[in-house]
Amino acid sequence: MEAFSFERQIKHYNSYQKILLVGEGDFSFAVCLARAFDLAVNMFVTSLDSRESLMLNYSKAMSKVMELEARGCKVLLEVDVHSMSQHPFLISERFDRIIYNFPHVGYLHGPFSAECNGFQNRFHQDLIRGFLQNASQILTAIGEIHVTHKTTFPFSEQKIVELAQEVGLYLVHEEHFSLLDYPAYENKRGAWICDQPFPVGMCITFKFAKLHSYTTSGFNLGITAPGPWSGYSGIIGPHMQCDVTGNMPKYISTIEYSKAYSSYQKILLVGEGDFSFAACLARAFGSAANIVATSLDSREFLMVNYSKAMSNLKELENRGCTILHCVDCKTMNLHPCLYNKRFDRIIYNFPHSGYSNGLSSSEYSIFQILSHQNLVRAYFKSAREMLTETGEVHVTHKTTYPFSEWNIVTLALEAGLFLVDVESFSLWNYPGYQNKRGAGICDQTFPVGKSSTFKFSKYLPVSSSMVREY
Ligand SMILES: C[S@@+](CC[C@H](N)C(=O)[O-])C[C@H]1O[C@@H](n2cnc3c(N)ncnc32)[C@H](O)[C@@H]1O
């Protein structure tokens, strides 16, 4: 995909996501996104209709298709959602978002069919099930499938959350849908009276993700529980957690969920030593397709200086991790493989700039502290450029003197990052992770003592008291 110089966004969609739209009517939703992004090279847009049927039945479809193509969007016609994963132009693609607004199978008995008819309902369910099944085949590991749907009777009878569960998807989030969020989108009826819009009424965008099997040892993935959501009787997904104030389960917001690392986050690891931290996360997730693990050291250097680096790297490669060497965290946002990527979590454990006067350097020396500060400040600046809107930059660091003198919360503020959480760090939470010294005595571990994981985001937390506390 062509890289954008900067991210453009509309509602929950952005130009960094590879987006597939299916079952488009007159393509006005696709055009609305494309205009917001300016370029639409990240979009594939499909319709079940043929070019002739679009021409005959929708007054504006052809002009919209032309606009989409001019913006670099791929437009595919006669794509059936029941079999789209086998479509020759889609079979080898993977999407971050697959979107179907107002799925409708057409009318069983012509335009006078009743939506509350049981057979009509089953037809709709068959369409949605087929769509969800196919969509999950061409979804990235951390992608989402969005279905916007009326929530009132008889549409609520379609029970799309249960249909999703049947095909191994779970509900991540429900969001109220408003046409006001999508300028120029004209929701069309399709099915006999194609070009007519319809009142959207009470609508929700249901967001689904794939279920992954977890090995939770050592990871606080939260207490999971079935949920009471509309027409929804209990799919257990990692974004759902019991409210600590009561028994009612609720969704875990991005910030709450950040207490753990998960395979649903795009994670960048920085300044890895022997890659044992990366390997630990990868084992917990089962797959490391969501992880980019980096080191300043070259592969050759790692081979010579760390006894287990090669076996950790091999394990990571087998699990689909992207591994990059010679990545300087001070300038990583400009790295050719990273400059157009965005991450939900960027993690640097125990940053250390090396010893300015060789091994006899003292951590108490002001020059040494300044050197560490330069490293961490530049890391924050670079990481901020690579963060998603709701993303977090994490640093695990000793909190005792002289390390407390680095003042990392102030360094973060200087880089435009705000403290959102501090969590006491324990090696017990990360089985297999061996924290390494690097810097001349690479393969030695060191006592982590009193350490914390400091978590920063681009935006001030609702309660900004944390900024004052540190
Ligand atoms: C104390 S070691 C910690 C290693 C590893 N994070 C761990 O926890 O085991 C500090 C690490 O920071 C890395 N480092 C130092 N300067 C760096 C830079 N400019 N960019 C990326 N990594 C850097 C070193 O290569 C070393 O691996």
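Cut-offs applied
- Each chain has its residues counted from 1, following the order in which its sequence is written.
- Reporting in this predicted model follows two pLDDT cut-offs: at least 70 for local features of residues, and 80 or more for side-chain atom pairs to be given and counted; totals over whole chains, interfaces and linings ignore these cut-offs and use all residues.
- Labels follow the DSSP assignment, with helices taken as runs of H or I lasting at least four residues and strands as runs of E lasting at least two, numbered in each case from the N terminus.
- Once C-beta atoms have been placed from the backbone, residue pairs whose C-beta atoms lie within 7 Å are recorded as contacts.
- Here is the check we use: build the C-beta atom from the backbone, and if it is within 6 Å of the molecule or strand, call the residue near.
- Gly is placed with the polar residues, together with every amino acid not listed as nonpolar (Ala, Val, Leu, Ile, Met, Phe, Trp, Tyr, Cys and Pro) or charged (Asp, Glu, Lys and Arg).
- Any two strands with at least two DSSP-identified bridges between them are counted as paired.
- Interaxial angles span 0 to 180 degrees and are taken between N-to-C directions of axes, which are lines fitted to C-alpha atoms, for helices over the stretch in contact.
- Any nonpolar core is a set of buried residues, restricted to Ala, Val, Leu, Ile, Met, Phe, Trp, Tyr and Cys, that join up through C-beta atoms within 7 Å.
- For the exposure call, what matters is how many other C-beta atoms sit within 10 Å of a residue's own: 20 or more marks it buried, 12 or fewer exposed, and in between partly exposed, using C-beta atoms placed from the backbone.
- Here a crossing is taken to be left-handed if its near helix is turned anticlockwise relative to the far helix by less than a right angle, and right-handed if that turn runs clockwise.
- Per residue, pLDDT captures the predictor's confidence, and it can take any value from 0 to 100.
- This arc is built from the directions going out from the helix axis to the C-beta atoms.
- When the strands point away from the viewer, a crossover counts as right-handed if the path from the first strand over the helix to the second runs clockwise.

As annotated in an unreviewed UniProt entry, the chain is 25S rRNA (uridine-N(3))-methyltransferase BMT5-like domain-containing protein from Prunus persica.

**Q** Give a description of the overall build of the chain that names residues and reports values.
**A** When helices and strands are tallied, the chain shows 12 helices and 20 strands. In the chain, 75% of the contacts between residues at least 6 apart in sequence involve partners at least 24 apart.

**Q** Would you mind going over the site of the ligand in detail, with residue names and values included?
**A** Near the ligand, the surroundings consist of 21 residues, among which G271, G273, L296, C329 and G438 are the closest. When grouped by side-chain class, the residues that make up the shell around the ligand number 7 nonpolar, 8 polar and 6 charged.

**Q** Go over the sheet that holds strand β20 (residues 451-457), please, and point to the residues and values.
**A** Strand order in the open sheet made by the 7 strands is β15-β14-β13-β16-β18-β20-β19, with mixed pairing throughout. Taken across any chain shown, the strands that pair with only one partner, and hence form the sheet edges, are β15 (322-324) and β19 (418-424). Strand-to-strand, the axes of this sheet are offset by a mean angle of 20 degrees, without reference to chain direction. Bridging between β19 and β20 involves 6 bridges; their strand directions are antiparallel.

**Q** Run through the environment of S156, naming residues and quoting values.
**A** Mapped onto the secondary structure, S156 falls in the loop between β8 (139-150) and α5 (160-166). When the C-alpha atoms of S156 and N121 are compared, they prove to be 10.0 Å apart, with 35 residues separating the residues in sequence.

**Q** Explain the sheet that holds strand β9 (residues 169-176) to me, and be specific about the residues and the numbers.
**A** The 7 strands lie next to each other as β5-β4-β3-β6-β8-β10-β9, forming an open sheet whose pairing is mixed. Of all the strands in the sheet, the pair left with one neighbour each is β5 (74-77) and β9. Sheet twist, expressed as the mean angle between neighbouring strand axes with direction ignored, is 20 degrees. Alignment of strand β3 (residues 19-22) against strand β6 (residues 95-101), held across 4 bridges, turns out to be parallel. By the bridge assignment for β6, L21 is matched with I99. Set on the sheet, helix α1 (residues 28-37) makes contact with β3, β4 (43-47) and β6; between it and β4 the angle comes to about 170 degrees.

**Q** Report on the nonpolar core, specifying residues and quantitative values.
**A** A30, M43, L68 and A164 are the most contacted members of the largest nonpolar core, which totals 55 residues. Setting aside its immediate chain neighbours within four residues, L68 contacts F27, A30, V31, A34, A40, V45, C73 and V75. Residues L268, A288, L387 and L417 belong to the second largest nonpolar core, which totals 54 residues.

**Q** Residues and numbers for the packing of α1 against helix α3 (residues 61-70), please.
**A** Relative to each other, α1 and α3 sit at 30 degrees, their axes nearing to 9 Å. Note on packing geometry: the crossing formed by α1 with α3 is left-handed. Residues S28, A30, V31 and A34 of α1 form the contact with α3, whose participating residues are K64, E67 and L68. Residue composition of the contact of α1 with α3, grouped by class: 4 nonpolar, 1 polar and 2 charged.

**Q** With reference to specific residues and values, describe the environment of D328.
**A** Note that D328 resides in the loop between β15 and β16 (343-349). Overall, D328 belongs to the partly exposed group, with 16 C-beta atoms counted inside 10 Å. Spatially, the C-alpha atoms of D328 and Y379 are 8.6 Å apart, while their sequence positions differ by 51 residues.

**Q** Could you give an account of the environment of R94, with specific residues and numbers?
**A** Considering the arrangement of structural elements, one finds R94 in the loop between β5 and β6. Distance in space between the C-alpha atoms of R94 and L20 is 9.1 Å, their sequence separation being 74 residues. For R94, the contacting residues outside a window of four places in its chain are I138, L139 and T140.

**Q** Run through the confidence of the model for the chain, naming residues and quoting values.
**A** Chain-level pLDDT for the chain is 83 on average; 83% of the residues reach the 70-or-more range. Counting interchain partners and residues more than four positions distant, the pLDDT-below-50 stretch residues 463-470 has 6 contacts.

**Q** Lay out the packing of helix α7 (residues 276-285) against helix α9 (residues 309-318) with the relevant residues and their values.
**A** Interhelical geometry of α7 versus α9 gives an angle of 35 degrees and a closest axis separation of 9 Å. Of the two elements, α7 crosses α9, and the hand of that crossing is left-handed. Seen from α7, the contacting residues are S276, A278, A279 and A282; seen from α9, they are N312, E315 and L316. Tallied by class, the residues present in the contact of α7 with α9 amount to 4 nonpolar, 2 polar and 1 charged.

**Q** Now, about unusual backbone geometry: what can you tell me, with residues and values included?
**A** Excluding glycine, residues mostly have negative phi values, and the peptide bonds linking residues are mostly trans. The amide bond that connects F153 to the next residue, P154, takes the cis arrangement and shows omega of 5 degrees. Tracing the backbone shows P154 in the loop between β8 and α5. In this model, Y401 is joined to P402 through a cis peptide bond whose omega is 10 degrees. Examined against the element boundaries, P402 turns out to sit in the loop between β18 (387-398) and α11 (408-414).

**Q** Got a sec to walk through α3? Specific residues and values, please.
**A** Turning to α3, its buried residues are A61, K64, V65 and L68. All buried residues of α3 project into a common sector of 100 degrees when viewed along the axis, lining one side. The exposed residues of α3 that point more than 90 degrees off its buried face are M66 and A70. Buried residues in α3 make contact with α1, β4, α2 (51-57) and β5. One or two residues past the end of α3 sits G72, with phi positive at roughly 95 degrees.

**Q** Tell me about the pairing of β18, and name the residues and values.
**A** In the sheet, β16 pairs with β18 via 6 bridges, with the strands oriented parallel. Note that in β18 the partner of I347 across the bridge is H394. Inspection of the sheet shows β18 paired to β20 by 6 bridges, in the antiparallel sense. For H394, the partnering residue across the bridge sits in β20 and is K455.

**Q** Requested: an account of the pairing of strand β14 (residues 291-294), with residues and values cited.
**A** Along β14, one buried face is formed by I291 and A293 and the opposite face, lined by V292 and T294, is buried too. Pairing of strand β13 (residues 267-270) with β14 involves 3 bridges; the strand directions are parallel. Paired with L269 across the strands is A293, a residue of β14. Since β13 and β14 lie parallel, the crossover through α7 that links them has a hand, and here it is right-handed. Sheet topology note: the β14/β15 ladder contains 3 bridges and is parallel. In the strand pairing of β15, A293 is matched with I323.

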